[in-house]
Amino acid sequence: MKIKQSNRVKSVPPYMFAEINRKIADAKKKGVDVISLGIGDPDMPTPAPVVEELARAAKDPKNHQYPDYEGMFAFRDAVSKWYKRRHGVILDPDKEVLTLIGGKEGNLHISLALTNPGDYCLIPVPGYTPYRTSTVFCGGIPHEMPLLEKNNFLPELSKIPGKIAKKSRIIFVNYPNNPTGAVAELSFYKELIDFAEDNNIVACSDNPYSEIGYEGYKPLSFLEVPGAKEIGVELNSLSKPYNMTGWRIGMAVGNEEVVKAMGTIKNNTDSGVFNAVQLAAIKAMELPDSFIEKQMSIYQKRRDLVHKTLTGAGLSCTKPKAALYMWAKVPEGHTSASFATEMLEKAGVVITPGAGYGKDGEGYFRISLTVPDKRLGEAMERIKRALR
Ligand SMILES: *Cc1c(COP(=O)(O)O)cnc(C)c1O
């Protein structure tokens, strides 16, 4: 029998890194010691108290049954306290917090909760790919908002055609931004809130880097802005600040009706997160702020090293204030794919071609800072040599 896939499966473009993955496999086969700077996945371990709490909680049979789909009250309460401590945002743990299986899950479930077939959703390009795929999975139509360097990688909301804005259900924003490292300030969020109100669109601030700021810079939560809760939610995650990508835990916070609609989808889809993981995540959020500061001093050294190497080699790259990525221009005469291939062949280093993040990512490449110091140092030496 020939299996017929759904149109939504067929709509997913061929995996954007398939070509480069094939080349990586070839290089490894030839014995090249390949260093990947391609993946945004913290290399440092989850803090010990979190791991210990998981081990303890996993032994308690109370935690072995189905969790509540919306998450344990204790977890939602800890999220509320964490948002107050870190961002001065007040959240009702009963109505304005929903536990997620990571931020990525929230991207699909907010789309299922709000988008009907034929509706538009506004997505940033270059951007995290789930904004597009989750829109398409719901039968929605993604409308791209270019993030251009001349606009500090912020979308120009005034350029979105009125007809499309009127038919849009969600506007996705992500600051600190993956992949560009750009940040958004109060003035942008105020403009976003006005735009969302005028057009009756829900704003979804995907904010997993809300704690990842350099030199004392504190990225904003969208919910710090007056009026945000009336028109939107924020998706956040333990993955990046607490080195917990494998644990799959995050939260949707903000507008009560959006949180409730997402909960209805989750109640009928995934039944929530293992209670022991939620209990461990509470321990993470209760760690002293100095934990994050210590992490940031490590990332900051890496950022400065990569910046020095790239600019020293004549490439144009800004020093990000936040997030875990360097976004730099490829040299004259290269596409992002040809430069990635050259770096793999000449240096044995994997970088991410910007075109993988959409059309407006062409001409750039991304380097992730989630690589152990020694390996990153070695990669920078090799890039320096290859570009000489
Ligand atoms: C890492 C990341 C996420 C969330 O990751 P989870 O592990 O699913 O919480 C969401 N959005 C962006 C832009 C990311 O880079």
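As the structure is a computational prediction, the values presented were derived from the model and not from experiment. (Residues numbered from 1 in each chain as written. Predicted model: local features only at pLDDT ≥ 70, side-chain atom pairs only at ≥ 80, totals over all residues. Heavy atoms only, no water.)

Concerning the site of the ligand
Within the structure, the ligand sits among 14 residues, and Gly-103, Asp-206, Tyr-209, Ser-237 and Lys-240 are positioned closest to it. In the environment of the ligand, an oxygen atom lies 2.7 Å from a nitrogen or oxygen atom belonging to the backbone of Gly-103. Residue Arg-248 places a side-chain N or O atom 2.7 Å away from an oxygen atom belonging to the ligand. Its free accessible area being 390 Å², the ligand has 93% of it covered by the protein chains. Here the shell around the ligand is composed, by residue class, of 4 nonpolar, 6 polar and 4 charged. (Near = heavy atom within 4 Å. Polar contact = N/O pair within 3.5 Å; in protein donor to acceptor, adjacent residues only side chain to side chain. Areas by Shrake-Rupley, 256 points an atom, 1.4 Å probe, with all protein chains shown as cover. Nonpolar A, V, L, I, M, F, W, Y, C, P; charged D, E, K, R; others polar.)

Focus on the packing of helix H5 (residues 103–114) against helix H10 (residues 256–267)
Their axes nearest at 8 Å, the elements H5 and H10 cross at an angle of 100°. When the axes of H5 and H10 are compared, the pair comes out roughly perpendicular. Where H5 approaches H10, its residues Glu-105, Gly-106, His-109, Ile-110, Leu-112, Ala-113 and Leu-114 are matched on the opposing element by Val-258, Ala-261, Met-262, Ile-265 and Lys-266. Residues of the contact of H5 with H10, tallied by class, amount to 8 nonpolar, 2 polar and 2 charged. (Axes fitted to C-alpha atoms, helices over the stretch in contact; angles between N-to-C directions. Helix = DSSP H or I, 4+ residues; strand = E, 2+ residues; numbered from the N terminus. Parallel < 35°, antiparallel > 145°, perpendicular 65-115°, else oblique. Contact = heavy atoms within 4.5 Å.)

A few points about the domain arrangement of the chain
With domains assigned, the chain is organised as domain 1 (7–45 + 290–387) and domain 2 (48–285). For domain 1 versus domain 2, the separation of C-alpha centres amounts to 25 Å. Contact with domain 2 buries area across many residues of domain 1, yet Ile-292, Lys-321 and Asp-360 alone supply 21% of it, more than any other trio. In this structure, the connection of domain 1 to domain 2 is made through 3 salt bridges. Here domain 1 is connected to domain 2 by 14 residue pairs in polar contact (both at pLDDT 80 or more). Of all the secondary-structure elements, those providing two or more residues to the side of domain 1 that touches domain 2 are helix H1 (7–11), helix H12 (289–312), strand S9 (325–329) and strand S12 (364–368). Ranked by residue count, the leading element in the side of domain 1 that touches domain 2 is H12, at 7 residues. Of the residues belonging to the side of domain 1 that touches domain 2, the class tally is 18 nonpolar, 7 polar and 8 charged. (Domains from an automatic or database assignment. Buried area = accessible area lost by both parts, 1.4 Å probe. Salt bridge = Lys/Arg side-chain N within 4 Å of Asp/Glu carboxyl O.)

Thoughts on the pattern of salt bridges
Within this structure, the stated rule accounts for 27 salt bridges. Between Asp-26 and Arg-22 there is a salt bridge, with its nearest N and O atoms 3.7 Å apart. You can see Asp-26 and its partner Arg-22 sitting in helix H2 (residues 18–29), 4 residues apart, about one turn around the helix. On the basis of relative accessible area, Asp-26 is assigned to the partly exposed category, the value being 33%. (Buried < 20%, exposed > 50% of the residue type's maximum accessible area, 1.4 Å probe, protein only.)

Description of the pairing of strand S4 (residues 141–146)
Looking along a regular strand, one sees the side chains alternate between the two faces of the sheet. Where strand S3 (residues 120–125) and S4 come together, 6 bridges link them in parallel fashion. Bridge pairing in S4 places Cys-121 opposite Pro-142. The β-α-β motif built from S3, the intervening helix H6 (residues 130–137) and the parallel element S4 has right-handed crossover chirality. (Pairing = 2+ DSSP bridges. Right-handed = clockwise from strand over helix to strand, strands pointing away.)

So, the nonpolar core
The biggest cluster of nonpolar side chains holds 101 residues, and the ones touching the most others in it are Leu-37, Ile-171, Tyr-189, Tyr-242 and Ile-367. A per-element tally of this core places helix H11 (residues 275–285) first, with 8 residues. Apart from residues no more than four positions distant in its own chain, Tyr-242 is found in contact with Thr-46, Pro-47, Trp-82, Arg-85, Ala-284, Met-285, Leu-287, Phe-291 and Ile-292. Ranked by size, the runner-up nonpolar core spans 18 residues in total, among them Cys-121, Tyr-131, Ala-252 and Val-258. (Core = buried A, V, L, I, M, F, W, Y, C linked by side-chain atoms within 4.5 Å.)

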